[in-house]
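Analysis of the macromolecular model
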Amino acid sequence: VGYKVLLPLLVGFYKCFLRPGKKLTKYGEWAVVTGSTDGIGKALAREFAKRGLDVFLVSRIEAKLVAQQEELAGEFPNRKFGHIAVDFSGGFDASKRAAVAAAIGSLDVGVLANNVGMSYRFTKYYHELSDAEAMDLVALNVESTAMMTKIVLGDETTTPGMVSRRRGAIVNTSSAAGTQISPLLAGYSGAKGGIVMFSKSLAAELKPKRIDVQVQTPLFVATKLAKIKRASLTVPSPSTYAKCAANAIGYDVAVSPYWAHALQLWLMDCLPTSVAVSIVANMHHAIRKKGLKKEAEKGGDKKAQ
């Protein structure tokens, strides 16, 4: 028992605190980051530039992309930057895919960070989601990841990309909900769980072609998506998380890069499934109750006006 407990802790300590990050420029000149204007994506874009990569930004709002590109160009004058505005909600259709492919097709893309995603406004039963919410959970979390990956891979003959260059790294962002049973987050859990298996299978498929595929599983990070403003020991800032995330690229196929997240996931895995599910369910029911109360208060405020 001691061996089973001590060894994972020692390995985890080495990975999180002692193992050096790989030289990301070995994969290529450019990093492409989706969901780049907020939270983890924004911090990753900066971290990649800091590590010598040119960075191509993909997000929804043109004005925010322009502001981010100007900010990065000012901080990293020796790096090149580009961007394209893409709204992944409603589906990553053929015209959107063609626009992205045209924008990055001539670039030597070494790293793709599939970071764009969405969750629930607050935890709820799956049948309480609108049809649009249920569909966007798939579009923003799964479809965007699958098709952005296909674009950067290219093929062996006609479309240049990672496959023909025989190098590259694809980093997909999942969630704890994608690795654990998550009542009242079923749609999000299913979408992120799909990303986990897509990444693991693709990693095995592309390893002979010298392309590293990795799925990263964060817990709470102090971002707008998580609705958390202050960082703490267990809830890192986006910049702290991004540094850990970049250090992990090229190693494990599935990883939780930040040490406190990895520890929490390990502890949850040690629990009997029924106990872990009960803990998550109780937490999510409490969040749902609070969310419904806020929603009712907002509805009352509108009626009063």
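What comes next concerns the included structure. The shown structure was predicted, so the numbers you read here are calculated from the model rather than taken from an experiment.

So, on to the packing of aromatic side chains. Think of a pair of aromatic rings as described by two things: how far the centres are apart, and how the planes are tilted against each other in angle. The final tally for this structure, using the stated rule, is 4 aromatic pairs. With a centroid separation of 5.1 Å and an interplanar angle of 40°, the aromatic rings of F13 and F17 are classed as tilted. In this pair, F13 and F17 are both assigned in helix 1 (residues 2-18), 4 residues apart and thus about one turn of the helix distant. For the ring pair F17 and W259, a centre distance of 6.2 Å and an interplane angle of 40° mean the geometry is tilted.

Right, let's get into the layout of surface pockets. Of the volumes computed, that of the second largest pocket is approximately 930 Å³. Along the walls of the second largest pocket sit 32 residues, with C16, V255, S256, A262 and L263 positioned nearest its centre. Of all the elements in the fold, those that place two or more residues in the lining of the second largest pocket are helix 1, helix 7 (186-206), helix 8 (238-248), strand 7 (254-255) and helix 9 (259-270). Looking at side-chain class alone, the lining of the second largest pocket contains 19 nonpolar, 7 polar and 6 charged residues.

The next thing to look at is the sheet that holds strand 2 (residues 54-59). Strand order in this open sheet of 7 strands is 3-2-1-4-5-6-7, and the pairing throughout is parallel. Sheet topology places strand 3 (81-85) and strand 7 at the edges, where each strand pairs with a single neighbour. The pairing of strand 4 (residues 109-114) with strand 5 (residues 168-173) spans 4 bridges and is parallel. If you follow A113 over to strand 5, its bridge partner there is V171. Along the sheet, helix 4 (residues 94-104) makes contact with strand 1 (30-34), strand 2, strand 3 and strand 4, crossing strand 3 at roughly 170°.

Right, let's talk about unusual backbone geometry for a bit. Positive phi outside glycine occurs at R166, with the angle close to 55°. Inspection of the secondary structure puts R166 in the loop between helix 6 (162-165) and strand 5. By relative accessible area, R166 is classed as partly exposed at 35%. Residue R210 is not a glycine yet carries a positive backbone phi of 65°. Here R210 is to be found in the loop between helix 7 and strand 6 (211-216). Overall, the relative accessible area of 55% leaves R210 in the exposed class.

Between helix 4 and helix 5 (residues 131-153), whose axes approach to 10 Å, the crossing angle comes to 35°. Here the hand of the crossing between helix 4 and helix 5 comes out right-handed. Between helix 4 and helix 5, the residues in contact are R97, V100, A101 and I104 and M147, M148, I151 and V152, respectively. Residue composition of the contact of helix 4 with helix 5, grouped by class: 7 nonpolar, no polar and 1 charged.

Inspection of the secondary structure puts N115 in the loop between strand 4 and helix 5. For N115, the contacting residues outside a window of four places in its chain are T34, G35, I40, G41 and T173.

Now for the pairing of strand 5. Looking along a regular strand, one sees side chains alternate from face to face of the sheet. Of all 6 residues in strand 5, 6 are buried, a share of seventy percent or more. Here strand 5 shows a buried face lined by G168, I170 and N172 and a second buried face lined by A169, V171 and T173. Note: strand 5 against strand 6, 6 bridges, orientation parallel. Opposite T173, over in strand 6, you have Q216 as the bridge partner. Considered for its hand, the β-α-β crossover made up of strand 5, helix 7 and strand 6 is right-handed.

The subject of this paragraph is the state of the cysteines. Here, the word disulfide means a covalent bond between the sulfur atoms of two cysteines. Tallied over the full model, the rule gives 0 disulfides. Of all cysteine sulfurs, the one in C244 lies closest to C16, which takes part in no disulfide; the gap is 7.0 Å. With no disulfide of its own, C270 lies closest to C16 among cysteine sulfurs, the gap being 15 Å.

Definitions and limits used
Position labels on residues start from 1 in each chain and follow its written sequence. Predicted model: local features are reported for residues with pLDDT of at least 70 only, side-chain atom pairs are reported and counted for 80 or more only, and whole-chain, interface and lining totals are derived from all residues. To get the side-chain values, all heavy atoms of the structure are used, and hydrogens and water are removed first. Stacked, tilted and edge-to-face pairs are distinguished by plane angle, under 30 degrees for stacked and over 60 for edge-to-face with tilted covering the rest, among Phe, Tyr and Trp rings (Trp via its six-membered ring) whose centres lie within 6.5 Å. To qualify as a helix, a DSSP run of H or I must reach at least 4 residues; to qualify as a strand, a run of E must reach at least 2; elements of each kind are numbered from the N terminus. Points on a 1 Å grid, built from protein atoms alone, make a cavity when a 1.4 Å probe fits but cannot get out and make a pocket when they are open with protein on both sides within 12 Å along at least 5 of 7 lines; residues with an atom within 4 Å of a point are the lining residues. Grid points are joined across faces, edges and corners, and a volume is the space filled by probe spheres set on the points. Under the convention adopted here, Pro, Cys and the residues Ala, Val, Leu, Ile, Met, Phe, Trp and Tyr are nonpolar, Asp, Glu, Lys and Arg are charged, and Gly plus all remaining residues are polar. Whether two strands pair depends on DSSP finding at least two bridges between them. We call two residues in contact whenever any of their non-hydrogen atoms come within 4.5 Å of each other. Orientation is described by axes fitted as lines to C-alpha atoms, over the contacting stretch for helices, and by angles from 0 to 180 degrees between their N-to-C directions. The buried label goes to any residue with under 20% of its type's maximum accessible area, the exposed label to any with over 50%, and the partly exposed label to all in between, with areas taken from a 1.4 Å probe on protein chains only. Left-handed describes a crossing whose near helix is turned anticlockwise from the far helix by less than a right angle; the clockwise case is right-handed. Note on handedness: a clockwise path from strand one over the helix to strand two, with the strands aimed away from the viewer, defines a right-handed crossover. Any cysteine sulfur atom paired with another within 2.5 Å is treated as part of a disulfide.

The values are spatial; any link to function lies outside them.
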